[in-house]
Amino acid sequence: MSSANGEKGAARRLALVTGASRGIGRAVALELGQKGFDVAVNYNNSAEAAETLCEEIAACGVTARAFRGDVSDVASVPSLLKAIEESMGVVQVLVNNAGITRDNLLMRMKEDEWTRVIETNLASVFRCTKEVIRGMVKARWGRIICVSSVVGLVGNAGQANYSAAKAGIIGFAKSVAREYAARGITVNVVAPGFIETDMTKSLNDANKTAALAQIPLNRMGRPLDVARAVAFFASDESEYITGQVLAIDGGMTMC
Ligand code: NAP
C-alpha cells in the first residue's frame, strides 16, 4: 500500500474537505483520494452527492466517508470533528472550502446577508481549524489549506460581505501559519478566480463575456485547476511553503 506521500507501507493520511459535495470541494476531495489520502467528505444539504462522491473516491483504493455538518453553526463543528475522529482518526489535512454568496450592493445589503456569509465563509474557517490544530501539533505535522477568492485580494462591487470574508481568511491563515510553523504545520491559501461551478452558474452571458475579457488565459477555471494546487499544498512537496496566497485565476489579478 502506498501512502499519501508515496512511501510504501506508511499509513495513509486523513484529509477533511469542508463543503465537498459539489463544485471545487468535490474536485479537491477526489484529487486527494487519487493522491492516496483517506478523505472525510463534509456536506450540509447534498447527502446523495456526497455519498456518490465517496464511492468514486473509494474506487481509488482509499477510504472515504461522508459527514453531514453545517460549518456555519458554532455547535455543529465540534460534533462534526468528533464524528470524523471516531470513525476515521485524526485529521492531518484540513481544506477549508465551504462557502456561499449572498450578493447585494452595500446600500441594500441586509444584516442577514452579511452575517450568513461571514459565518459560513470565515467563522467556519476559525472553528474548523481550531478543532484540528491540537492533533496536528501533537503529530508535529499538518496541512491547512483555505479557499479564499481573488475578490479577497481586489474586492468586487456587490460582494462587500463575501470579499470581507475572503480577505479575512487570508489574514487568519497568515497568522496561524506564523503561530504553528515551528510545529511542522503549514497554512496556505488558494484564491480562485472564475471557476465553473453552481456558484457561478447564475452569471449571465454579458457577465461571462466581461469576465473572460479580464482573463489572459481566456477561459473560465475548472474545479480541477484549483484541486491540483490544493493537493500540492497538502503534500510533502510543499513543506517549505507557508503563509502563501496562490491565485488560480488564469492570470486575471497577477498581484
Ligand atoms: P458551490 O458549487 O456552490 O458548492 C458549495 C459547497 O459548499 C457545497 O458542497 C455545499 O454543500 C457547501 N456548503 C455551503 N454551505 C455549507 C455549510 N454551512 N456547511 C457545510 N458545507 C456547506 O461552490 P464552489 O464554487 O465550489 O465554491 C467552493 C469554495 O470556493 C467557496 O469557498 C467559494 O467561495 C470559493 N470560490 C469559488 C469561486 C468560483 O468561481 N466558483 C471563486 C472563488 C472562490 P451542500 O450542497 O451539501 O449544502
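Below is a summary of the structure that appears in this document. Bear in mind the structure is a predicted one, so any value in this text is a computation, not a measurement. Starting afresh in each chain, residues are numbered from 1 along the sequence in its written order. For a predicted model such as this one, the threshold for reporting local features is a pLDDT of at least 70, and the threshold for listing and counting side-chain atom pairs is 80 or more; totals across whole chains, interfaces and linings nevertheless cover every residue. By convention in this description, side-chain values take in all heavy atoms of the structure and omit both hydrogens and water.

## Side note on the nonpolar core
Let me state the cut-off plainly: Buried residues of nine kinds, namely Ala, Val, Leu, Ile, Met, Phe, Trp, Tyr and Cys, make up a nonpolar core once their side-chain atoms join them within 4.5 Å. Only protein chains enter the area calculation, which uses a 1.4 Å probe; residues under 20% of their type maximum are buried, those over 50% are exposed, and those in between are partly exposed. Helix and strand definitions here come from DSSP, where helices need a minimum of 4 consecutive H or I residues and strands a minimum of 2 consecutive E residues; each element is numbered from the N-terminal end. The contact criterion used throughout is that any non-hydrogen atoms of two residues lie within 4.5 Å.
With 34 residues, the main nonpolar core has L32, V41, I57 and V95 as its most contacted residues. Of all the secondary-structure elements, those providing two or more residues to this core are β1 (14-17), α1 (23-34), β2 (38-43), α2 (47-58), β4 (93-96), β5 (142-147) and α9 (223-234). The element best represented in this core is α9, accounting for seven residues. Every residue in contact with L32, bar those within four places of it in the chain, is listed here: A15, V17, F37, V39, V95, A231 and A234. Among the nonpolar cores identified, the runner-up in size contains 30 residues, and V125, A177, I185 and V187 belong to it.

## Here we look at the site of the ligand
Just so we agree on the cut-off: Any residue with a heavy atom positioned within 4 Å of a molecule or strand is treated as near that molecule or strand. The definition of a polar contact used here is a pair of N or O atoms within 3.5 Å, where within protein one atom must be able to donate a hydrogen and the other to accept one, and adjacent residues in sequence count solely through side-chain atom pairs. Note on areas: Shrake-Rupley with a 1.4 Å probe; residue coverage comes only from the protein chains shown. Polarity classes work like this: nonpolar for Ala, Val, Leu, Ile, Met, Phe, Trp, Tyr, Cys and Pro, charged for Asp, Glu, Lys and Arg, and polar for all others, with Gly in that last group.
The environment of the ligand is formed by 32 residues, the closest being S46, D70, N97, Y162 and T197. At 2.8 Å, a backbone N or O of I24 approaches an oxygen atom of the ligand. Coverage of the ligand by the protein amounts to 95% of the 910 Å² it exposes when considered alone. Among the elements of the structure, α1, β2, α6 (160-180) and α7 (198-201) are those that each provide at least two residues to the shell around the ligand. Ranked by residue count, the leading element in the shell around the ligand is α7, at three residues. Classifying every residue of the shell around the ligand gives eleven nonpolar, 17 polar and four charged.

## As for the packing of helix α4 (residues 111-139) against α6
Applicable threshold: To get an axis, fit a line to the C-alpha atoms, keeping to the stretch in contact for a helix; angles then go from 0 to 180 degrees between the N-to-C directions. Note on terminology: angles under 35 degrees are roughly parallel, angles over 145 are roughly antiparallel, angles of 65 to 115 are roughly perpendicular, and the others are oblique. By convention, the crossing between two helices is left-handed when the near helix turns anticlockwise from the far helix through less than a right angle, and right-handed when the turn is clockwise.
Two elements in contact, α4 and α6, have axes whose closest approach is 8 Å; the angle formed by their N-to-C orientations is 15°. Relative to α6, the element α4 lies roughly parallel. Pair α4 / α6 crosses with right-handed handedness. Here E113, W114, V117, I118, N121, L122, V125, F126, T129, I133 and V137 of α4 come into contact with α6, specifically with A160, N161, Y162, A164, A165, K166, G168, I169, F172, V176 and Y180. For the contact of α4 with α6, the residue count by class is 16 nonpolar, four polar and two charged.

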